[in-house]
Amino acid sequence: MGNRNLIITIEREYGSGGRIVGRKLAEDLGIHFYDDEILKLTSEEPVLSGNVTAPENLFRFQSSVIRELAREESCIIVGRAAGYVLDQEEELERLIRIFVCADKVRRVQRVMEVDAIDEERAKRRIKKMEKSRREYYKYFTGSEWHNMKNYDLTINTTNLDLDQTAELVKDYIRLKGFDK
């Protein structure tokens, strides 16, 4: 029998609310949420060779931490191409790979609100972050970040609030029978 931990990975467009949805889901489901914490956990991994901060090494160490977390506990992991990393793990029976998006107007509004910046800075930040995420995903996975075949569930949060989005994911968990 494989690993029965519920693992949810979330890739998201900047400003779509994906990280906040992930935190809310983790709270609702009573499981851990990992985002930037993976960087801290990665820095605690024993260094076997080379420079930890070199992109290839950092990705390899982060992937190792992600796989270890998935083996040990139910959790939600945001970013870091975690869905791709874990999709290679055949024993994970309850893996849900989510992509959260929203239209540009809504994302700009959210970034302006959350980051307390003006519209032009929000647009520039979105463009910069999306380019970075797209390039990171392509470089380390060889696949396109926006290729929806890489995900089990794609959610457009343009017309949903973040609580509704979390409910939608919980409905999906129930439909898949992963809540048992």
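Look a little higher up for the structure.
About the criteria used
Residues numbered from 1 in each chain as written. Predicted model: local features only at pLDDT ≥ 70, side-chain atom pairs only at ≥ 80, totals over all residues. Heavy atoms only, no water. Helix = DSSP H or I, 4+ residues; strand = E, 2+ residues; numbered from the N terminus. Buried < 20%, exposed > 50% of the residue type's maximum accessible area, 1.4 Å probe, protein only. Contact = heavy atoms within 4.5 Å. Salt bridge = Lys/Arg side-chain N within 4 Å of Asp/Glu carboxyl O. Expected span 1.5 Å × (residues − 1). Arc of directions from axis to C-beta. Polar contact = N/O pair within 3.5 Å; in protein donor to acceptor, adjacent residues only side chain to side chain. Pairing = 2+ DSSP bridges. Axes fitted to C-alpha atoms, helices over the stretch in contact; angles between N-to-C directions.

A word on the overall build of the chain. Summing up its helical and strand segments, the chain has 7 helices and 5 strands in all. Its helices and strands in sequence order give the chain the pattern β-α-β-α-α-β-α-β-α-α-β-α, from N to C terminus. Every one of the 180 residues in the chain was classed for burial, and the buried ones make up 47%. Sequence-distant contacts, at least 24 apart, represent 67% of the contacts inside the chain between residues at least 6 apart.

Moving on, we come to the pattern of salt bridges. Throughout the structure, instances matching the rule amount to 16 salt bridges. In this structure, Arg 107 engages Glu 130 in a salt bridge whose closest nitrogen and oxygen atoms are separated by 2.8 Å. Residue Arg 107 is located in helix H5 (residues 104–115), and its partner Glu 130 is located in helix H6 (residues 119–141); the two are separated by 23 residues in the primary sequence. Residue Asp 115 pairs with Arg 125 through a salt bridge whose shortest N-O separation is 2.8 Å.

Moving on: helix H7 (residues 162–176). With 15 residues, H7 ought to run about 21 Å at 1.5 Å a step, and its terminal C-alpha atoms sit 21 Å apart, in line with that. The set of residues buried in H7 consists of Leu 162, Thr 165, Ala 166, Val 169, Lys 170, Tyr 172 and Ile 173. All buried residues of H7 fall inside an arc of 155° around its axis, so they share one side. Those residues of H7 hidden inside the fold are in contact with strand S1 (3–12), helix H1 (18–29), strand S4 (92–101), H5 and strand S5 (153–156). Where H7 begins, one side-chain oxygen reaches toward the backbone nitrogen of Asp 163, 3.0 Å away; that side chain belongs to Asp 161. Directly after H7, the chain includes Gly 177, whose backbone phi takes a positive value near 80°.

Two faces belong to every sheet, and in a regular strand the side chains alternate between them. Alternating positions in strand S3 (residues 75–78) separate into two faces, Cys 75 and Ile 77 on one and Ile 76 and Val 78 on the other, with burial throughout. In terms of strand pairing, S1 meets S3 through 4 bridges, oriented parallel. For Thr 9, the partnering residue across the bridge sits in S3 and is Ile 77. Here strand S2 (residues 32–34) runs beside S3; their pairing, made up of 3 bridges, is parallel. Across the sheet, the residue bridging to Phe 33 is Ile 76, located in S3.

Residues apart from glycine generally show negative phi values, whereas peptide bonds are mostly found in trans. Of note, Arg 80 is a non-glycine position whose phi angle comes to about 60°, a positive value. Along the chain, Arg 80 falls in the loop between S3 and helix H4 (82–87). On the basis of relative accessible area, Arg 80 is assigned to the buried category, the value being 16%. Within the chain, Ala 116 stands out as a residue other than glycine whose phi angle is a positive 50°.

Extensive coverage of S1 is indicated by the burial of 9 of its 10 residues. Pairing analysis gives 8 bridges linking S1 to S4, with the strands arranged parallel. Looking at the pairing, Arg 12 lines up with Val 100 of S4.

In this section: the sheet that holds S3. Here 5 strands make up an open sheet; going across it, the order is S2-S3-S1-S4-S5 and the pairing parallel. In the strand order of this sheet, the two ends are held by S2 and S5, each with one partner. Going across the sheet, the axis of each strand differs from the next one's by a mean of 20°, ignoring polarity. Across the sheet, H7 lies against S1, S4 and S5, angled at about 160° from S5, the strand it touches most.

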